[in-house]
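# Summary of structural features
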Amino acid sequence: MKAGYLLSLAALACSASALATDASPAKPAPVHFTPDEVRTTGAITVGSQRIAYRTYAGTLVVHPKGWDDTAPLTEKSAKPDDETALAEAAMFYTAYFKDGAPSANRPVTFLFNGGPGSPSMWLHMTAFGPKRVETANAAHTPAAPYALVDNRFTLLGSSDLVFIDAPGTGFSRVMGKDKDKAFYGVDQDIHAFADFISQFLTKYGRWNAPKYVFGESYGTMRGAGLALALQDRGIDLNGLILLSNILNWDSMPDDPQLNPGIDTPYIVALPTYAATAWYHKRLPQQPAELRPFLDEVEHFATGDYAQALIQGSDLPEAERQRIAQKLADYTGLPVPYLLKTNLRIEYGAFQKELLADQAATTGTLDTRFAGTTLDPLSKVASYDPTSSATGSAAISAFNDYARNTLHYGQDRNYQTSLGVYSSWDYRHKPPGADHALIALPNVLPDLAATMKQNPHLKVLVLGGYYDISTPYFEGKYELRHLPIPQSLRGNIAYRYYPSGHMVYLNPAVIGDVRTDITQFIDQTDNLP
C-alpha cells in the first residue's frame, strides 16, 4: 500500500513535458512472498510449574544486501551489474512467548542450527522448545511412533524463544533472479539473519528486550558474524551462545590432508580422539576419569605433537617413533597404522579404524554412537551413525508437530537438509578489509570487533567431548586466539560435557546444559 501510494505521488509530480512523452513508470519488481503467521496457544508442565505460552509460526520476507525498503528496486531501476535485485527469501520461524510475562522487556533468544543447509528442528524439537521428542541415548532410536513430551529442559522459563530456519531450509524459501548467489554464502546468510531479526523486533515490539543469539555448529560462524551485523544496525546483544563452535575454517578437521602445511586440524582433533577411545575402552592404559586425561592430551597436542608436525619431513626418525607411540597410547590406534598416516589422523579414518575389529564405525557428530561399517575395505567412514540413529525421530516429530499443533505447513514440504555445503560462497569480508577474502572464512575478527565496541557483551561457549565434526578443543583453541585485550577475556565462559555435537542428546547432561544457559541469561539480562 505504501509503495503504491509513493509511486502515485511520484507520477503526479512529473513535469508536463515528461507526461507529453507518454513515458510509462518503471514496472515494480515482482513480489514472490508475503509474510504470514499462524497463532496458537499451548501449555506445558515443568516439575510443579505450569508454563502457558503463545506460539507464532510464520515467515518474514528478507532481501539481499543493498535492497532499500524506502525505495524498492525495480527491474528498470536496478543497476545493470546488480544480479540479486529481484531475489528475496521468506524465512520461517516459530516463536514462543510466555504468558503472564511483560514481553516488552522480557529476554528473547534467537536460535538456529547450522550446516550450512540445516533447519533448526534439532534445537527446536530435541533440545529447548516447549515440546521434545525422546530419543535413545547413544543408540539407534526405534522407528515411529515417537514420544513427544513436555520438555522440562526448555529455556522458555528464562527467555522467549525464536527458532529460525535459514533461507531455503525447513519452511523457508528463496526465489528470484540469482537467488542462490543472494542467500547461499557466509556474508549473504549473515545479512539475511540480521534483516530477519530487525524485522522481528519491530513486528513484535521487542526492541527494548534483552537479546540473545544462540547458534549451533555452522550457526556459530553465523552467530559471531551476526553479532557484528546487528551491532552495525544499532542492536547490541546481551549475550552470544555458541554450541559446537567453528569460527575459523582453517582449524576444521574436514579433509585436512588436502591442505598440507596446515596442521592445526590434527592438533585440535586429538583430544576428541582420546575421549572417544576412552569412552569405548580402547586405550592400552584406561584412565579412571576423563577430564584429567584430556588435560594431559591437550598439553601433548599443543606441545610435543604440534612441534613434531611443524617439522614435517625434517622430524628425526627416533622422535617420529616416539610421537607415534604416544598417539597410540592416547587413541588406541596401532603404531604401524599411525606411522603410515604420517602421524596425521583424518577423522573419517579414525571413525572406521577404532572399532575395526568389531566391524563397527563410530559416529561423527557423537562418537559415543556406533554402527555397522558399510564397507570394511574403505579408508574412511561411509556414514555417520549418529545421524542415522536420531534423524528420523527429529524429522518425523517436527513434521507432525508443525501440522497438527502449530497448524502450519499443511501444503508445504519441510526441507530437512539443503545440499548447499559444496556450493556455498565461503568468501567473507572481515572488519577492516576492503573486499571479501579468497580464503577459508574466519569470523574471529568479527567477534573481536563486536566485543571491543560492546564491552558488556558476554559469550557462552558450549561443546561436547565426543564431537569430531567440530571438536571441543577446536573451539577452545580458536578463542584463545581471539584478538581482544586481556580485560575482555573474562567475558567468555566455557562449558563442556560428556556428549557429542548436539550435547542435548545425552539425557544425563541436558539438565546441566539448560542450567548453564539459563544462568547465563539470568546474569546478563540487566533486569532488576
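Only a predicted model underlies this, so the values are computations on that prediction, with no experimental measurement involved. (Residues numbered from 1 in each chain as written. Predicted model: local features only at pLDDT ≥ 70, side-chain atom pairs only at ≥ 80, totals over all residues. Heavy atoms only, no water.)

To continue, consider helix α12 (residues 385-404). Given 3.6 residues to a turn, an α-helix orients residues that are three or four positions apart in the same direction. In this model, α12 (20 residues) spans 30 Å end to end at C-alpha, consistent with the 28 Å of a helix rising 1.5 Å per residue. Those residues of α12 that fall on the buried side of the exposure criterion are P385, T386, A389, T390, G391, A393, A394, A397, F398, Y401, A402 and R403. Elements that come into contact with the buried residues of α12 comprise β3 (88-98), α3 (121-128), β5 (131-133), β6 (148-150), β11 (360-362) and β12 (370-372). Where α12 begins, the side chain of D384 points an oxygen toward the backbone nitrogen of T386, at a separation of 3.0 Å. (Helix = DSSP H or I, 4+ residues; strand = E, 2+ residues; numbered from the N terminus. Expected span 1.5 Å × (residues − 1). Buried < 20%, exposed > 50% of the residue type's maximum accessible area, 1.4 Å probe, protein only. Contact = heavy atoms within 4.5 Å. Polar contact = N/O pair within 3.5 Å; in protein donor to acceptor, adjacent residues only side chain to side chain.)

Close inspection of predicted coordinates is inappropriate for parts of the model with low pLDDT. On average, residues of the protein chain score 90 in pLDDT, and 91% of them are at 70 or above. Here residues 1-28 scores under 50 on pLDDT; set against residues more than four positions off or in separate chains, the count is nine contacts. pLDDT under 50 marks residues 72-84. Its contacts with residues more than four places away, or in other chains, come to 25 contacts. (pLDDT = per-residue confidence, 0-100.)

It is worth spelling out the packing of helix α7 (residues 264-279) against helix α9 (residues 317-331) at this point. Put simply, α7 and α9 touch, their axes get as near as 7 Å, and they point 50 degrees apart. The angle between the axes of α7 and α9 places the two elements in the oblique class. Mapping the contact onto sequence places L270, Y273, A274 and A277 in α7 and L327, Y330 and T331 in α9. Partitioned by chemical class, the residues of the contact of α7 with α9 number six nonpolar, one polar and no charged. (Axes fitted to C-alpha atoms, helices over the stretch in contact; angles between N-to-C directions. Parallel < 35°, antiparallel > 145°, perpendicular 65-115°, else oblique. Nonpolar A, V, L, I, M, F, W, Y, C, P; charged D, E, K, R; others polar.)

Backbone torsion omega between G115 and P116 reads -5 degrees, so that peptide bond is classified as cis. Structurally, P116 is set in the loop between β4 (108-112) and α3. In this structure, the amide linkage connecting A144 to the following residue, P145, adopts the cis form with an omega of 10 degrees. Within the element layout of this structure, P145 appears in the loop between β5 and β6. Notably, D178 is not glycine yet its phi reads approximately 55 degrees, a positive angle. Positionally, D178 belongs in the loop between β8 (173-175) and α4 (179-183). Although it is not a glycine, N342 adopts a positive phi angle of roughly 60 degrees. Residue position: N342 is located in the loop between α10 (335-340) and α11 (347-354).

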